[in-house]
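Now for the letters of each chain:
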Amino acid sequence: MLSVHDIEAADSHRNTHLLCEWLRNCIKEHPQCRRSFSGAAHPVDELLNEVHQLPSRVIDVGVNNETVKLSLSAGKSGMYTTLSHRWGSQPKFQTNRDNLKQLLVSINVEELPPTFRDAIDTTRRLGIQYLWIDSLCIVQGCKDDWAREAGQMGAIFENSTCTLAAIDAIDNERGIDRGLFLPRENLLEVHMNCAHKKLGVEDPSTGEILGWYYGFIQDPESNLQEKTENEALHQIVARPRLIGYQWYLMKSEWQNRGWILQERMLSRRIIHYTKHKIAWDCHSYSDEEELLGHRIKPQRSACIDESWFPWRRLVEEYTKCKLTFASDKLIAISGLANRLEARTGKRCFAGIFEDIDSSMGQCLLWRAHSNGPLTKYPCFHAPSWSWAAYEGAVTFSPESGGSPAFRSLISDLKFDIQDNCNVLSCPNQKATCKSGSVSFKGPVGTAFRSSCLGSLESRGNEDLIPVLGSDVHWESIPIPRVIEGEIKYPKRQLSLPDRTEILRDESGSIVGWVLLDTDGTKISDNKITCAAVSLGGQVKGFDYRSEENVDILVLQAGKEGPGSYLRIGRGRVVRKGWLRTCSEENVLVF
């Protein structure tokens, strides 16, 4: 087990043999670590036998100080590591058309940034010959090469023996690359000395021992290497336990990058290099320096469980991440989509999966997560019914598909997708944009937008149940406070954004809520078209005991003729009687 003292910046490399042992134990003792995200097993017994087809290009790290070079794999197999990292503000070394031939002969390691040099050194020490780094193994500036390799990114990380994650390599303030082996931050330390020798007090005249005393190290701050071995063994350095790495990763800039999601989800094994500690995990367990062998379940294990379909959760996490280029919106998560297609036999259309377990239409019921509206990308396009068309975080909450009483109200759900953009002014028409439609048959009716939830003066159950239904019971009731001698309740925090609008029927009665995807002020008509997708979840509270939730898509008439629409929002009706005002229609949404 790694100790804190073993992993100072100057000698972090000494721990590589322990990580090698961890890799071997992963493969020999934990068969799940050999299983891919899609569920495919790789029955091997030894680390040296775990080989996969190499990516198109890999870095041959050689051994010791041998020549490092870029290598064309030509379809051969082998073991390799991958580097998961953030690019600095000004990447200094990349493969391009001009230097490709030279790099196939040799790479001057001294010209590489610190993280690349450390990754090469670590790969050698792990006993692995090849390393994959995106900026070196993909020809930068070549659209065809990027499109081909980016589509294989999921498989590259999934088939890697181990991923080296450079969590804190990039200085967030200056964008400077500092490498994997970072100097530890100054920590609160307490140096304590134990007695290491017993000395006698003699009578000067007779030499008789009159008493004893214990000798201590005089300078606890002196260099351990300058002390005798006996003195060093009797010094104790106490340090506070650092924050657990899983919590630290959640707050890191590395984990908040869009491309990183599939890298960390698909990698079978990851070594995390942070400024505080080194940690590692596989599909079975995770560990770190200070846990001293108390293994815990990795956070990503739930999504690897074959019995659960995690796409909606992955989308929620992914849309919170940052992307440098909007055109990467779908390609940066395509590796995960491909693996789930292989696992489930279902297809993914522009970020929307065919529904699992007969919950038809549930994947269409996403909504904006934060109070601010979503914004459409100006240079990247996807159908209006896909979350990929918008910038901003989305969520599928509140869900109704888990209710025992749930049933779908639509039928004949079909997707029709083309790998191009139907917007002539879009610069990415032949790149990563998507166009197409989703069609289904189901109840379609109308409702009227009114005031926002944020305008409600009172947020008690009697005000919220008619709008939110039973979902109000999931919201915490605020703690009362005494203000100027009076007991007052703070404004209740809602599970939906304040800009969520209250829905009314033709008589003016409240029937539910609607949250528009983009800025609602740009839609002047308060009368909206609603397509009912599912029914389920009994509404509990007051006079709504016999009601059920009706999940709806909010639509706007499209230009393709009668029955064609664009999606503009998502909502819920809590009066089941509203369905009687609807008519069965064939709906086509672009």
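Residues numbered from 1 in each chain as written. Predicted model: local features only at pLDDT ≥ 70, side-chain atom pairs only at ≥ 80, totals over all residues. Heavy atoms only, no water.

1. Brief notes about the overall build of the chain
And step 1. A tally of regular secondary structure across the chain gives 13 helices and 31 strands.
And step 2. Relative to its 590 residues, the chain shows a buried fraction of 51%.
And step 3. Nonlocal contacts in the chain, meaning residues at least 24 apart in sequence, comprise 68% of its contacts between residues at least 6 apart.
And step 4. Accessible surface, the chain: about 28500 Å² in total, of which carbon and sulfur atoms supply 49%. (Helix = DSSP H or I, 4+ residues; strand = E, 2+ residues; numbered from the N terminus. Buried < 20%, exposed > 50% of the residue type's maximum accessible area, 1.4 Å probe, protein only. Contact = heavy atoms within 4.5 Å. Areas by Shrake-Rupley, 256 points an atom, 1.4 Å probe, with all protein chains shown as cover.)

2. Topic: the nonpolar core
And step 1. Counting residues in each nonpolar core, the largest one holds 104 residues, and the members touching the most others are Ile 59, Trp 311, Trp 385 and Trp 387.
And step 2. In this structure, Leu 409, Ala 447, Ile 523 and Ile 568 belong to the second largest nonpolar core, which totals 19 residues. (Core = buried A, V, L, I, M, F, W, Y, C linked by side-chain atoms within 4.5 Å.)

3. As for the sheet that holds strand E2 (residues 57-60)
And step 1. The 8 strands are arranged E3-E2-E6-E5-E7-E12-E13-E14 in an open sheet whose pairing can be described as mixed. With one partner strand each, in any of the chains shown, strand E3 (69-72) and strand E14 (286-288) form the two edges of the open sheet. Averaged over all pairs of adjacent strands, the angle between their axes in this sheet comes to 25°, without regard to strand direction.
And step 2. Where E2 and strand E6 (residues 130-132) come together, 2 bridges link them in antiparallel fashion. Bridging from a neighbouring strand, Ile 59 pairs with Leu 131 of E6. (Pairing = 2+ DSSP bridges. Axes fitted to C-alpha atoms, helices over the stretch in contact; angles between N-to-C directions.)

4. Observations regarding the environment of Lys 329
And step 1. In this fold, Lys 329 is placed in the loop between helix H11 (311-318) and helix H12 (334-344).
And step 2. You can call Lys 329 buried: its relative accessible area is 4%.
And step 3. Sequence spacing of Lys 329 and Phe 380 is 51 residues, and the spatial spacing of their C-alpha atoms is 8.4 Å.
And step 4. Non-local contacts of Lys 329, meaning those with residues more than four positions away in its chain, are made with Tyr 318, Thr 319, Leu 323, Tyr 377, Phe 380, Trp 387, Ala 388 and Tyr 390.

5. A word on the pattern of salt bridges
And step 1. Under the criterion given, the structure shown has 13 salt bridges.
And step 2. Lys 434 is the partner of Asp 419 in a salt bridge, and the nearest nitrogen-oxygen pair spans 2.4 Å. Of this pair, Asp 419 sits in the loop between strand E22 (411-418) and strand E23 (435-452) while Lys 434 sits in the loop between E22 and E23, and the two are 15 residues apart along the sequence.
And step 3. By relative accessible area, Lys 434 is classed as partly exposed at 21%.
And step 4. Between Glu 501 and Arg 449 there is a salt bridge whose closest N-O contact spans 2.9 Å. Taken together, the residues Glu 501 in strand E26 (residues 501-504) and Arg 449 in strand E23 connect sequence positions 52 residues apart. (Salt bridge = Lys/Arg side-chain N within 4 Å of Asp/Glu carboxyl O.)

6. Side note on the packing of aromatic side chains
And step 1. In total, this model carries 9 aromatic pairs according to the counting rule given.
And step 2. Judged by centre distance (5.7 Å) and plane angle (50°), the rings of Trp 366 and Tyr 390 are tilted. Remark: Tyr 390 occurs in strand E19 (residues 390-391) and Trp 366 occurs in the loop between strand E16 (352-353) and strand E17 (367-368); sequence separation between them is 24 residues. With respect to class, Trp 366 is no different from Tyr 390; both count as buried.
And step 3. Members of the aromatic cluster, each reached through a chain of ring pairs, are Phe 349, Trp 385 and Phe 415.
And step 4. The side chain of Arg 567 reaches across the aromatic face of Trp 366, ending 3.5 Å from its centre. (Phe/Tyr/Trp six-rings, centres within 6.5 Å; stacked < 30°, edge-to-face > 60°. Lys NZ or Arg CZ within 6 Å of the ring centre and 35° of its normal.)

7. What to know about the environment of Gly 454
And step 1. Secondary-structure assignment places Gly 454 in the loop between E23 and helix H13 (461-468).
And step 2. Considered as a pair, Gly 454 and Lys 491 are 37 residues apart in the sequence and their alpha carbons are 9.6 Å apart.
And step 3. Other than its neighbours up to four places away in sequence, Gly 454 contacts Arg 459, Lys 491 and Asp 498.

8. Quick notes on a nonpolar patch on the surface
And step 1. Together, Ile 477, Val 482, Ile 487 and Tyr 489 make up an exposed nonpolar region whose accessible area comes to about 500 Å².
And step 2. Within the secondary structure layout, Ile 487 lies in strand E25 (residues 486-488).
And step 3. Classification of Ile 487 by relative accessible area gives exposed; the value is 64%. (Patch = residues over 30% accessible without salt bridge, like charges linked within 9 Å, V, L, I, M, F, W, Y side chains within 5 Å.)

9. Considerations on the pairing of strand E31 (residues 583-589)
And step 1. Pairing of E23 with E31, which is carried by 7 bridges, proceeds in the antiparallel orientation. Across the sheet, residue Val 444 finds its bridge partner in E31, namely Ser 583.
And step 2. As paired elements, strand E30 (residues 564-573) and E31 share 2 bridges and run parallel to each other. Across the sheet, Tyr 565 pairs through a bridge with Val 589, a residue of E31.

10. What to know about the side chain of Thr 274
And step 1. By secondary structure assignment, the location of Thr 274 is in the loop between strand E12 (270-273) and strand E13 (278-281).
And step 2. For Thr 274, the side chain forms a polar contact with the main-chain nitrogen of His 276, separated by 3.1 Å.
And step 3. One polar contact links the side chain of Thr 274 to the main-chain carbonyl oxygen of Lys 277, over a distance of 2.8 Å. (Polar contact = N/O pair within 3.5 Å; in protein donor to acceptor, adjacent residues only side chain to side chain.)

11. Observations regarding the confidence of the model for the chain
And step 1. Of all residues in the chain, 78% have pLDDT values of 70 or greater, and the mean over the chain is 81.
And step 2. Across residues 41-48, where pLDDT falls below 50, the model places 20 contacts with residues more than four positions away in sequence or in other chains. (pLDDT = per-residue confidence, 0-100.)

12. A look at the state of the cysteines
And step 1. Following the criterion strictly, the structure yields 0 disulfides and no others.
And step 2. Left unpaired, Cys 348 is separated from the closest cysteine sulfur, that of Cys 363, by 8.5 Å. (Disulfide = S-S within 2.5 Å.)

13. Notes on the packing of helix H9 (residues 258-266) against H12
And step 1. Close contact between H9 and H12 brings their axes to 8 Å; oriented N to C, the two are set at 40°. Taken together, the axes of H9 and H12 lie oblique to each other. Touching Leu 261, Gln 262, Met 265 and Leu 266 of H9 are Ser 334, Gly 335, Leu 336 and Arg 339, all from H12.
And step 2. Split by residue class, the contact of H9 with H12 holds 4 nonpolar, 3 polar and 1 charged. (Parallel < 35°, antiparallel > 145°, perpendicular 65-115°, else oblique. Nonpolar A, V, L, I, M, F, W, Y, C, P; charged D, E, K, R; others polar.)

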